[in-house]
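Listed here are the chains, written in short residue letters.
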Protein chains: 2
Amino acid sequence: MPKPVVPEERRRRRRPTRSGTVLSERLIVDTALRLLREHGSSGLTARRLGLALDCDPSTLYRYFRGMDDLTLAIGDALIGQALRGWAPTGRWRADLEAIGLRIHAAYVAHPQAALLTASRVTGRAHELAADEAVLDVLRRAGFPLPETVRIYHAFIDQTLAFAALDSASLALPTASQRADEDQWRSTYARLPRTTHPRIAEAAPLLARRMLTSAYPTALDMLLDSAATRLEQPG
Amino acid sequence: MPKPVVPEERRRRRRPTRSGTVLSERLIVDTALRLLREHGSSGLTARRLGLALDCDPSTLYRYFRGMDDLTLAIGDALIGQALRGWAPTGRWRADLEAIGLRIHAAYVAHPQAALLTASRVTGRAHELAADEAVLDVLRRAGFPLPETVRIYHAFIDQTLAFAALDSASLALPTASQRADEDQWRSTYARLPRTTHPRIAEAAPLLARRMLTSAYPTALDMLLDSAATRLEQPG
DNA sequence: CCCTTATGCCAACGCCATTGACCTTACGCC
DNA sequence: GGCGTAAGGTCAATGGCGTTGGCATAAGGG
């Protein structure tokens with residue numbers, strides 16, 4: 001049977017590690033984020049984390065049931081970070097845009113971590129707070145309940161989905177991340193007009209646009225559609 | 001130095017494995033897809049693949065440079081499957097809807113494999129064909145070139161992003177995949193009305209809707225926005 | 001101040017991908 | 001039809017991984 005994990009708020013004894021550092025959930029998560037940034041999305045290992053914290057890898061199991069549990073904690077930290085200090089303005093479209101862009105930005109700021117967590121539903125505190133905020137904005141805007149739920153679902157999943165996708169390309173090892181303008185040119189602009197005429201004519205525009213995230217555009221289009229329905233119900 | 005890999009079309013000798021089966025790229029990829037389905041997205045290992053094919057794990061390195069190379073081959077197979085047999089109807093909105101849903105469906109039909117490949121850009125033949133098709137539909141519909149590129153980018157990334165996200169939840173080990181209605185009830189419906197009033201009032205609707213993919217909704221909203229712009233340029 | 005037990009540490013297990021050396025047999029050539 | 005070559009299957013080994021059970025020790029409540 002696995003060792004029991006004591007929840008952070010119940011922790012009484014704080015016994016320092018042999019080298020003197022005192023562990024905590026917070027410290028572990030922060031260190032994990034650093035390792036992810038430094039060693040890539042597969043660079044977070046119990047052994048490495050133990051090395052970085054100067055403790056035995058097995059000690060981590062006093063704080064998390066396993067690496068997967070730690071992963072979820074990392075995800076919750078990202079969401080918490082995204083909404084810290086946010087407050088609604090009362091203008092529903094601006095508020096939703098802000099929430100979406102903030103969450104997306106928080107994930108993309110830690111692409112290696114986002115890759116591991118963006119598609120996990122944690123049900124933890126920060127995530128619930130974000131959901132409540134989105135629903136509240138929509139209800140106050142005047143959307144009926146079924147429409148609110150419909151839009152909420154599309155909104156939140158689209159945000160997380162783009163966060164994961166955009167993180168994936170950012171987290172690639174820099175060797176294969178020559179996905180800059182030159183890379184796009186060499187892949188798309190050299191296609192012969194005879195076989196791929198549409199790509200050929202669009203190549204310069206594509207080369208410029210594909211370097212950026214499509215999330216802001218997709219978000220605007222989603223909000224366009226919602227606004228139309230608010231004006232013309234049914 | 002790693003062993004050289006002979007491309008499939010150059011293969012001359014077909015030496016059977018000790019148990020008599022004759023290997024090929026095709027056979028390996030198909031077996032890999034089966035293993036992924038049976039053992040989950042982390043269940044594809046060289047050892048297991050060797051066991052299933054009745055060959056030594058190291059034999060696989062005669063066919064692929066490594067497991068990552070095999071992963072890309074799997075992704076290529078999925079894309080090919082998505083496009084097989086599609087033809088445009090001339091109605092732009094229906095065509096885009098069909099392309100999006102087909103790609104999304106092909107990935108989600110192999111969620112464990114999709115998880116590994118959906119966010120990898122290959123630039124290979126089938127992917128280029130899909131891009132050309134989307135651009136062609138938009139241009140024929142009458143969108144100006146910059147608008148075409150803008151919508152294309154949002155459309156294709158939205159499709160892939162949702163494919164990855166939806167695959168992720170489908171591919172979870174069945175133990176933690178109690179994300180059915182009961183799970184949603186226990187997570188969301190038990191939140192007190194005092195702290196999370198919006199979630200509380202929406203809980204029944206949420207429990208039903210969150211079980212399905214938000215992609216069709218998000219796709220419709222994107223196409224709504226595009227249609228509006230086509231009618232009212234600028 | 002003492003006892004309990006939380007918490008850190010150690011050693012070990014069974015996985016994993018990958019490699020280099022070896023061997024055997026299918027095939028192209030004469 | 002036989003033969004030499006090298007393609008391709010196999011073996012053994014390396015160093016990494018997550019995770020566990022047992023153990024020692026010191027923190028902190030009483």
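Residues numbered from 1 in each chain as written. Chains lettered and ligands numbered in written order. Predicted model: local features only at pLDDT ≥ 70, side-chain atom pairs only at ≥ 80, totals over all residues. Heavy atoms only, no water.

Our focus in this paragraph is the interface of chain A and chain B. Chain A puts 52 residues into the contact, and the matching count from chain B is 50 residues. Counting the surface lost from both chain A and chain B, the interface buries some 4,800 Å², and carbon and sulfur atoms represent 70% of this. Three residues stand out in chain A for area buried against chain B, namely A:His153, A:Arg198 and A:Met221, and they jointly supply 15% of the buried area on that side. There are 6 salt bridges connecting chain A and chain B. In this structure, the salt-bridge partner of B:Arg139 is A:Glu201, at a minimum N-O distance of 2.8 Å. Run the count over chain A and chain B and you get 13 residue pairs in polar contact (both at pLDDT 80 or more). Looking at the side of chain A that touches chain B, the elements with two or more residues in it are helix H6 (125-141), helix H7 (145-170), helix H8 (181-189), helix H9 (197-209) and helix H10 (215-231) of chain A. Of the residues assigned to the side of chain A that touches chain B, the class counts are 27 nonpolar, 11 polar and 14 charged. (Contact = heavy atoms within 4.5 Å. Buried area = accessible area lost by both parts, 1.4 Å probe. Salt bridge = Lys/Arg side-chain N within 4 Å of Asp/Glu carboxyl O. Polar contact = N/O pair within 3.5 Å; in protein donor to acceptor, adjacent residues only side chain to side chain. Helix = DSSP H or I, 4+ residues; strand = E, 2+ residues; numbered from the N terminus. Nonpolar A, V, L, I, M, F, W, Y, C, P; charged D, E, K, R; others polar.)

Moving on to the UniProt feature "domain: HTH tetR-type" (unreviewed entry) in chain A. The UniProt feature table records "domain: HTH tetR-type" (unreviewed entry) at residues 22-82 of chain A. As annotated, residues 22-82 of chain A has a helix share of 64% and a strand share of 0%, and its two end C-alpha atoms lie 27 Å apart. (UniProt positions renumbered as here; feature names shortened; annotations may be inferred.)

Okay, the packing of aromatic side chains next. What describes a pair of aromatic rings is the distance from one ring centre to the other and the angle between the planes of the rings. Residues and elements named next belong to chain A. This model, assessed by the stated rule, comprises 4 aromatic pairs over all chains. Look at tryptophan 92 and phenylalanine 143: their rings are 5.4 Å apart centre to centre, the planes differ by 90 degrees, and that puts the pair in the edge-to-face class. Note that tryptophan 92 is positioned in helix H4 (residues 92-108) and phenylalanine 143 in the loop between H6 and H7, a separation of 51 residues in sequence. Under the relative-accessibility criterion, tryptophan 92 is labelled buried at 16%. Residues phenylalanine 162 and tyrosine 215 carry aromatic rings whose centres are separated by 5.7 Å and whose planes lie at 50 degrees to one another, so their mutual orientation is tilted. In this pair, phenylalanine 162 is assigned in helix H7 and tyrosine 215 in helix H10, connecting sequence segments 53 residues apart. Across the pair, exposure class does not vary: phenylalanine 162 and tyrosine 215 are buried alike. (Phe/Tyr/Trp six-rings, centres within 6.5 Å; stacked < 30°, edge-to-face > 60°. Buried < 20%, exposed > 50% of the residue type's maximum accessible area, 1.4 Å probe, protein only.)

Glancing now at the packing of H4(A) against H7(A). All names here are of chain A. Look at H4 against H7: their axes get within 9 Å of each other, and the N-to-C directions meet at 30 degrees. Classified by the angle between their axes, H4 and H7 sit roughly parallel to one another. As H4 runs across H7, the sense of the crossing is right-handed. Residues Leu96, Ile99, Gly100, Ile103, His104, Tyr107 and Val108 of H4 form the contact with H7, whose own contacting residues are Phe155, Ile156, Thr159, Leu160, Phe162, Ala163, Asp166, Ser167 and Leu170. Per-class residue counts for the contact of H4 with H7 are 11 nonpolar, 4 polar and 1 charged. (Axes fitted to C-alpha atoms, helices over the stretch in contact; angles between N-to-C directions. Parallel < 35°, antiparallel > 145°, perpendicular 65-115°, else oblique. Left-handed = near helix turned anticlockwise from the far one by under 90°.)

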